[in-house]
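# Coordinate analysis (summary)
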Amino acid sequence: MELSQLKTFVQVASSGSLSKAGAVLRTAQPALSRQIRLLEEELGIRLFDRHGRGMALTDAGRQVLQDAGQVLTAVDQLKENISYTQSRLSGTVTIGLPPTLSDIISVPLIIEAKEKHPELKIHLIDSYTGYLLDYLLKGEIDCAILYDPRGTHPLRSEFLANEELFLVGPYDQRIECGDTIPFRQALPLVTLLPSRQHGLRRILDDLASPLNLELTPQVEADSFPALKDLVVRGFGYTILPIASLHHEIHENKMSIHRIENPSPRRQLFLSYPPNKPANRNVNFISEVIKKLVTKSTKAVIFPHLL
């Protein structure tokens, strides 16, 4: 079955006669008649009743017309998508990324964007959710990855992934990657944390409160690189996502425990300004971000953790 046969069939059905369909398609009637006959033979059904006034669809023909319309619509959409992906994008897209993800998706994001659309300019802003939220509300950035921005702000947001948080400490060869520790036992070990204004800290406080536990860090640092460096230098333990710590873990600079009962997690969302419609550039970057975040949050540092 050829697309040309389906197009001929749909046009004849719409026109009601071969002569009218031929005028629209600029094709001789015998050629159209032959295409209809071949289609009927291939399907094994009669599509039209022929009469002096033209051609009328049979019951079977009406069902085929519905299906043919869906096929042709899908083909048109496919062509549009191919044209969309092949056309060059230009202009600037400003993207906000939290520090824990910026380390692992910034470079792949730029590489893929430049490979597909060399003229597209990428402006990355590495900052915490509170600042990124403010930039979005002011329309100063086009999109940003945020940690659970729902509820209090008129942003357009879509869920990306759940990110598990782990107990991270100085390297200890006695600790196997993936060893578990109960939340009650993990908390007293934690001496390095962000301040209470930080979303990660609020997650931990919310989990600790029902258990009548309290976080008492000796050092508060709202800097992801600083927290990592302090752990590596042996100043204590913290709680972080591990996707952005793969270098330190593989180089035996850190040890990690998976926390359970409860297991702390945070939700990642891709958010857009409330009054700034996304254009083709933003839509393209959004799709790349979704793919990279899915890959990073499923990245396996130790296979048995899946």
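Everything that follows concerns the structure shown earlier in this document.
Just so it is clear, the model here is predicted, and its values are computed rather than measured. (Residues numbered from 1 in each chain as written. Predicted model: local features only at pLDDT ≥ 70, side-chain atom pairs only at ≥ 80, totals over all residues. Heavy atoms only, no water.)

### A few points about helix H1 (residues 3-15)
As a reminder, the rule being used: Only runs of H or I of at least four residues qualify as helices and only runs of E of at least two qualify as strands under DSSP, and these elements are numbered from the N terminus. Helix span, as expected, comes to 1.5 Å for every residue beyond the first. Throughout this description, buried means an accessible area under 20% of the type-specific maximum (1.4 Å probe, protein chains only), exposed means over 50%, and partly exposed covers the range between.
Between its terminal C-alpha atoms H1 stretches 18 Å, which fits the 18 Å expected from 13 residues at 1.5 Å a residue. For H1, the set of buried residues is Gln5, Leu6, Thr8, Phe9, Gln11, Val12 and Ser15. Of the residues flanking the end of H1, it is Gly16, one or two places downstream, whose phi is positive at about 85°.

### Considerations on the sheet that holds strand S3 (residues 91-97)
To keep things clear, this is the line we draw: For two strands to be treated as a pair, DSSP must find no fewer than two bridges joining them. Each axis is a line fitted through C-alpha atoms, and for a helix only the stretch in contact is used; angles between axes span 0 to 180 degrees, taken between their N-to-C directions. Contact definition: two residues touch when any of their heavy atoms are within 4.5 Å.
Taken together, the five strands give an open sheet; going across it, the order is S4-S3-S5-S13-S6, and neighbouring strands pair in mixed fashion. Every interior strand has two partners, whereas the edge strands, strand S4 (120-126) and strand S6 (156-164), have only one. Taking the axes of each pair of neighbouring strands and ignoring which way they run, one obtains an average angle of 20° across the sheet. Judged from the seven bridges that link them, S3 and S4 form a sheet pairing that is parallel. The residue of S4 that forms the bridge with Val93 is Ile122. Sitting on the sheet, helix H5 (residues 99-116) touches S3, S4, strand S5 (143-147), S6 and strand S13 (265-272), and the angle it makes with S4 is about 175°. Of the strands in this sheet, S3, S4, S5 and S13 are in contact with helix H6 (residues 129-137), which crosses S5 at around 140°.

### Quick notes on the layout of surface pockets
Threshold: Using a 1 Å grid laid over the protein atoms alone, points where a 1.4 Å probe fits but cannot get out form a cavity; open sets with protein on both sides within 12 Å along at least 5 of 7 lines form a pocket; any residue with an atom within 4 Å of a point counts as lining. Grid points are joined across faces, edges and corners, and a volume is the space filled by probe spheres set on the points. Ten residue types, Ala, Val, Leu, Ile, Met, Phe, Trp, Tyr, Cys and Pro, are classed as nonpolar, four, Asp, Glu, Lys and Arg, as charged, and the remainder, Gly among them, as polar.
Its boundaries defined by the atoms lining it, the largest pocket holds a volume of some 670 Å³. As for the largest pocket, its lining consists of 31 residues, and the residues nearest its centre are Thr129, Gln197, His198, Gly199 and Arg202. Breaking the lining of the largest pocket down by element, the ones donating at least two residues are H5, H6, helix H8 (199-208), helix H9 (224-232) and S13. Split by residue class, the lining of the largest pocket holds 14 nonpolar, ten polar and seven charged.

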